[in-house]
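Below are the chains, spelled out letter by letter.
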There are 4 protein chains.
Amino acid sequence: MKGSNTKDQIIAEASKLFLDEGYEMISMRKIATKVGCSPTNLYRHFQNKEDILLVLLERGYSVFLSYIQQAIDQNKELEFRIKLKQALKSYVNFGLENKEYYQLMFIRNFEHFDRVVIGESDRMKGFNLLANLIQEGMEKGLVKGDIEVISQSLWGLIHGITSLLITFKNSFHWTNEQSLIDFHVDTYLKGLLK
Amino acid sequence: MKGSNTKDQIIAEASKLFLDEGYEMISMRKIATKVGCSPTNLYRHFQNKEDILLVLLERGYSVFLSYIQQAIDQNKELEFRIKLKQALKSYVNFGLENKEYYQLMFIRNFEHFDRVVIGESDRMKGFNLLANLIQEGMEKGLVKGDIEVISQSLWGLIHGITSLLITFKNSFHWTNEQSLIDFHVDTYLKGLLK
Amino acid sequence: MKGSNTKDQIIAEASKLFLDEGYEMISMRKIATKVGCSPTNLYRHFQNKEDILLVLLERGYSVFLSYIQQAIDQNKELEFRIKLKQALKSYVNFGLENKEYYQLMFIRNFEHFDRVVIGESDRMKGFNLLANLIQEGMEKGLVKGDIEVISQSLWGLIHGITSLLITFKNSFHWTNEQSLIDFHVDTYLKGLLK
Amino acid sequence: MKGSNTKDQIIAEASKLFLDEGYEMISMRKIATKVGCSPTNLYRHFQNKEDILLVLLERGYSVFLSYIQQAIDQNKELEFRIKLKQALKSYVNFGLENKEYYQLMFIRNFEHFDRVVIGESDRMKGFNLLANLIQEGMEKGLVKGDIEVISQSLWGLIHGITSLLITFKNSFHWTNEQSLIDFHVDTYLKGLLK
DNA sequence: GATGAATGAGATTTCATTCAT
DNA sequence: CATGAATGAAATCTCATTCAT
């Protein structure tokens, strides 16, 4: 397989630590300790601490894209409402199954890091897939309104439930996750679709 | 006239800095520089850095509660749908008009700080006001379903749009804020209410 | 009475704190807190922290002298051995009854403070009283040897037991204090005197 | 060859500084300056300032034990009085030849540091060697009395002269050290032994 | 006789990072 | 591929002390 074992380990430990305690609270030494190597060694695999984050973000974007892509591909032939619902649910599931990534990508904002560029990322591609879906719905006469407004509202819808479930996972008595998500999306779509 | 001017200045500058760069990135020195006093002097007014955050959180909770309370009081006699919509909008408006507070209260999670207790806070009281409203709607037969599921879904709805508008305020081409929020809430309520 | 009440309180609290935690560990703020006044106020009564110590030392010397003087005066007419024993015991008793003073005077060494001068102090007068006693014993033919050697050895004898009882008062299982001191002095005097 | 040179240097400089100015007065920066390295580097070799002290104490206890052990071993076959005298003198000599250690071990009291545990230390083993010697004397009928009282008195005897010679080494006109110690011990033993 | 506001200096400690090996 | 030794910068925080009132 390609990629050194150590590098993957670093990524794995760093992403967990970043989620649990926050990027700024995690020192290179803490990562090294978890991995079981020397701090110096981290620099053999990454230019610096920011670089670890960037690699994490890129991986996250890529996984995110694959979630959305897969949902769309698998339901291509189905009814629009179902297709849309599945796409939205796959967004939420990406977040819940990849909390570390989701937090770094959508809850925190690292755009003050010069090297974090969003426009060109797979993240944007994921959005565009959703937007295309809305576009399709509008062409079919199933959705009405400004496509930008609708897209942004939809993002708000699914980001809200995803981010709350991640950020306050331990400090709130949540009802059953999947029922909640189903209700959440269904209710909104009932209002959105003809 | 009484009440130290410096203390208020510290709070004001700290909350801005915390929003822009994140709590961890802000040092006591940076705050002191902005305020125009010595770092030592901060410790006259606050026990430590965490204490500044706690005061900010408390103020935020209090302002939050007043937003929700006011929305409910002012629309007491109106139709349920309007009352609910106004309450939801006042949540979003609280966030957009108090970005620093909203970020600290709902986007970040400081519950690992021992002294941050949520259950007893005004934040919880704000939630309960919303929950009571749902309860009222259920009693009137206008809303159906599990009250917990509905409340949590509603929170996700409004938190999503609020937090995105705050976190990515500079890195995304948002449509007109108020139209977006209106569409967001209206669409969902169309699905939720009879 | 002369002397402000606050000044005496400061001295009382400071000496206790200095004994328990050590001069360096005690801050002006801690003293002020114990006394129940503002740190600034301490400077109305003492030039600075060192000054508090100096006043304590002076008081300690003075009390020390009175202990020794009294022992000698009260036993002037008695047999030499008893006179000497009482003087030695009064040294130990001074220490045990004034642990704070004893520690500052004889266990710590503050001579690196310019203003601490020993030669001229009451401490030296106390020593001289003991030395005079030895002198008397030699003239009576009851003690033989170099007076300096004898004085210094005697000081070591009583300082040893006193300082151990103070320094390790909580961390050692001491036998009955007075029996120990009696045995200590008696054994030595049996060897010293004819 | 192995074993960092820097670590030994730190220990050497720190112990001298601690003796001269007191543990609390010595900052990590001062130690680093003396050693000729950066303050940060001290933390490569010791967890923190307290840790330096603990290492010093441990080394001190170990050297102390070896002094006492050696004195006893070397005089095993000699007359009891000589054996005891040599043991007592080796205690004093340990102090005078290792003033830094002696001060930290016997003059200061660091038992408020959690990690300083005395019961299990080599210091206690040293004491026990002396106590065993007394026991032997009692069995031979050469010493009479309560063994605890005698041990504690003996400790006071030798601690007194040792600590005075260390604490006031520069501020008192001492007679010849070895004659003083000989006289001190001889006089006491004359009273103690049959 | 007392205090609140303020400060410069310095304490311990941790950080990301580099360099020689 | 890896590490031990080292560092400059900066973090939080406490200190003794002063000044205006």
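- Chain A appears in an unreviewed UniProt entry as AcrR family transcriptional regulator from Salirhabdus euzebyi.

**Brief notes about the protein's contact with DNA strand E**
Logical step 1: Around DNA strand E, the surrounding shell holds 29 residues, and the nearest of these are M28(A), T40(B), R44(B), T40(C) and M28(D).
Logical step 2: Atoms of DNA strand E within 4 Å of the protein: sugar and phosphate make up 55%, bases the balance.
Logical step 3: In this structure, a phosphate oxygen belonging to DNA strand E sits 3.3 Å away from a side-chain N or O atom of N41(C).
Logical step 4: One of the side-chain N or O atoms of Y43(D) is found 3.0 Å from a phosphate oxygen in DNA strand E.
Logical step 5: Elements represented by at least two residues in the surface near DNA strand E include exactly α3 (39-45) of chain A, α3 (39-45) of chain B, α3 (39-45) of chain C together with α2 (28-35) and α3 (39-45) of chain D.

**Notes on the protein's contact with DNA strand F**
Logical step 1: In the vicinity of DNA strand F there are 29 residues, among which T40(A), M28(B), M28(C), T40(D) and R44(D) approach most closely.
Logical step 2: By atom count, sugar and phosphate contribute 55% of the portion of DNA strand F lying within 4 Å of the protein.
Logical step 3: Here R44(A) contributes a side-chain N or O atom positioned 3.4 Å from a base nitrogen of DNA strand F.
Logical step 4: Take T40(B): an N or O atom from its side chain is 3.2 Å from a base oxygen of DNA strand F.
Logical step 5: Among the elements of the structure, α3 of chain A, α2 (28-35) and α3 of chain B, α3 of chain C together with α3 of chain D are those that each provide at least two residues to the surface near DNA strand F.
Logical step 6: Across the surface near DNA strand F, the residue classes tally to eight nonpolar, 16 polar and five charged.

**Comments concerning the packing of aromatic side chains**
Residues and elements named next belong to chain D.
Logical step 1: Summed over all chains, the structure comprises 75 aromatic pairs over all chains.
Logical step 2: With 4.5 Å between their ring centres and 65 degrees between their planes, F127 and W155 make a pair best called edge-to-face. Separated by 28 residues along the polypeptide, F127 in helix α7 (residues 122-139) and W155 in helix α8 (residues 147-167) bring together distant segments of the chain.
Logical step 3: Judged by its relative accessible area of 12%, F127 falls in the buried class.

**Notes on the interface of chain A and chain B**
Logical step 1: The partner chain B presents 38 residues to the 38 residues of chain A that form the contact.
Logical step 2: The largest per-residue losses of area from chain A upon contact with chain B belong to Q152(A), F168(A) and F183(A), which jointly make up 17% of the total buried on that side.
Logical step 3: Taken together, the links from chain A to chain B amount to zero salt bridges.
Logical step 4: For the pair chain A and chain B, the number of links is eleven residue pairs in polar contact (both at pLDDT 80 or more).
Logical step 5: Broken down by secondary-structure element, the contributors of at least two residues to the side of chain A that touches chain B are α6 (99-107), α7 (122-139), α8 (147-167) and α9 (177-192) of chain A.
Logical step 6: Top contributing element to the side of chain A that touches chain B by residue count: α8(A), with 14 residues.
Logical step 7: Partitioned by chemical class, the residues of the side of chain A that touches chain B number 18 nonpolar, 14 polar and six charged.

**Some details on the relation of the copies chain D and chain C**
Logical step 1: When chain D is fitted onto chain C, the two copies agree to an RMSD of 0.1 Å after a turn of 179 degrees and an axial shift of 0.0 Å. When the rotation and shift are considered jointly, the pair of chain copies conforms to a two-fold rotation axis. Ranked by how close their C-alpha atoms come to the rotation axis, the residues of chain D are headed by G160(D), at 1.6 Å.
Logical step 2: Take the interface residues of chain D: 100% of them recur as interface residues in chain C, which is what a same-surface contact looks like.

**What about the relation of the copies chain A and chain B?**
Logical step 1: Structural alignment of chain A on chain B gives an RMSD of 0.1 Å, achieved by rotating through 180 degrees and translating 0.0 Å along the axis.
Logical step 2: Interface overlap between copies: 100% of the residues of chain A at the interface are likewise at the interface in chain B, consistent with a symmetric, same-surface contact.

**Considering the UniProt feature "DNA-binding region" (unreviewed entry) in chain A**
Logical step 1: This chain's UniProt record puts "DNA-binding region" (unreviewed entry) on residues 27-46 of chain A.
Logical step 2: The span residues 27-46 of chain A carries 75% helix and 0% strand; its end-to-end C-alpha distance comes to 14 Å.

**A closer look at the side chain of N98(B)**
Logical step 1: Residue position: N98(B) is located in the loop between α5 (80-97) and α6 (99-107).
Logical step 2: The contacts of N98(B), once residues within four sequence positions are left out, are V63(B) and Y67(B).

**Quick notes on the domain arrangement of chain A**
By a widely used convention, the size of an interface equals the accessible area lost when the partners come together.
Residues and elements named next belong to chain A.
Logical step 1: Domain boundaries in chain A define domain 1 (1-46) and domain 2 (48-192).
Logical step 2: The C-alpha centroid of domain 2 is placed 27 Å from the C-alpha centroid of domain 1.
Logical step 3: Carbon and sulfur atoms supply 70% of the area that domain 1 and domain 2 bury against each other, a total of about 1,600 Å² over both sides.
Logical step 4: Broken down residue by residue, the surface that domain 1 buries against domain 2 is led by L19, Y23 and F46, which jointly contribute 44%.
Logical step 5: Inspection of the domain 1/domain 2 interface yields two salt bridges.
Logical step 6: When the shortest N-O distance is used, the salt bridge between D8 and R59 registers 3.3 Å.

**What about the nonpolar core?**
Logical step 1: With 134 residues, the main nonpolar core has I31(C) and I31(D) as its most contacted residues.
Logical step 2: The element contributing the most residues to this core is helix α4 (residues 49-74) of chain D, with twelve residues.
Logical step 3: Apart from residues lying up to four places away in sequence, I31(D) is in contact with I10(D), A14(D), L17(D), F18(D), I26(D), L42(D) and I52(D).
Logical step 4: In terms of nonpolar packing, the next biggest core, distinct from the first, is built from 131 residues, I181(A), M28(B), F64(B) and I107(B) among them.

**Points about the interface of chain D and chain C**
Logical step 1: Taken together, the 38 residues of chain D in the interface contact 38 residues of chain C.
Logical step 2: With both sides pooled, the region where chain D packs onto chain C buries about 3,500 Å², and carbon together with sulfur makes up 70% of that total.
Logical step 3: On the chain D side of the contact with chain C, Q152(D), F168(D) and F183(D) bury the most area, a combined 17% of that side's loss.
Logical step 4: Where chain D touches chain C, the interface holds zero salt bridges.
Logical step 5: Applying the counting criterion to the chain D and chain C interface returns ten residue pairs in polar contact (both at pLDDT 80 or more).
Logical step 6: Counting only elements with at least two residues in the side of chain D that touches chain C, the list comes to α6 (99-107), α7, α8 and α9 (177-192) of chain D.
Logical step 7: With 14 residues, α8(D) is the largest single contributor of residues to the side of chain D that touches chain C.
Logical step 8: Each residue belonging to the side of chain D that touches chain C can be placed in one class, and the counts come to 18 nonpolar, 14 polar and six charged.

Cut-offs applied
Each chain has its residues counted from 1, following the order in which its sequence is written. Each chain takes a letter, starting from A, and each ligand takes a number, starting from 1, following the order in which they are written. For this predicted model, a pLDDT threshold of at least 70 governs which residues receive local features, and a threshold of 80 or more governs which side-chain atom pairs are given and counted, while totals over whole chains, interfaces and linings are taken from all residues. Calculated side-chain values reflect all of the structure's heavy atoms, with hydrogen atoms and water omitted. Being near a molecule or strand, for a residue, comes down to having at least one heavy atom within 4 Å of it. Whenever a nitrogen or oxygen atom comes within 3.5 Å of another N or O atom, the pair is scored as a polar contact, on the condition that within protein one atom can donate a hydrogen and the other can accept it, and that pairs from neighbouring residues in sequence are kept only if both atoms are in side chains. In DSSP terms, a helix is any run of H or I states spanning at least four residues, a strand is any run of E spanning at least two, and both are numbered starting from the N terminus. Polarity classes work like this: nonpolar for Ala, Val, Leu, Ile, Met, Phe, Trp, Tyr, Cys and Pro, charged for Asp, Glu, Lys and Arg, and polar for all others, with Gly in that last group. We call Phe, Tyr and Trp rings a pair once their centres come within 6.5 Å, taking the six-membered ring for Trp, and we label the pair stacked below 30 degrees between planes, edge-to-face above 60, and tilted otherwise. Think of it in three bands: residues with accessible area under 20% of the maximum for their type are buried, residues over 50% are exposed, and the middle band is partly exposed, with areas taken using a 1.4 Å probe on protein chains only. By definition in these notes, contact holds between two residues if any of their heavy atoms fall within 4.5 Å. Buried area is calculated as the accessible area (1.4 Å probe) missing from two parts once they are joined, with the contributions of both summed. A pair is scored as a salt bridge if a Lys or Arg side-chain nitrogen falls within 4 Å of a carboxyl oxygen belonging to Asp or Glu. A least-squares fit on C-alpha atoms brings the copies together, and the residues used are those whose pLDDT is at least 70 in both copies. UniProt positions are given in the numbering used here, feature names are shortened, and annotations may be inferred rather than shown by experiment. Each domain's extent is set by a domain assignment, obtained either automatically or from a database. Nine residue types can take part in a nonpolar core, namely buried Ala, Val, Leu, Ile, Met, Phe, Trp, Tyr and Cys, and a core is a set of them joined through side-chain atoms within 4.5 Å.

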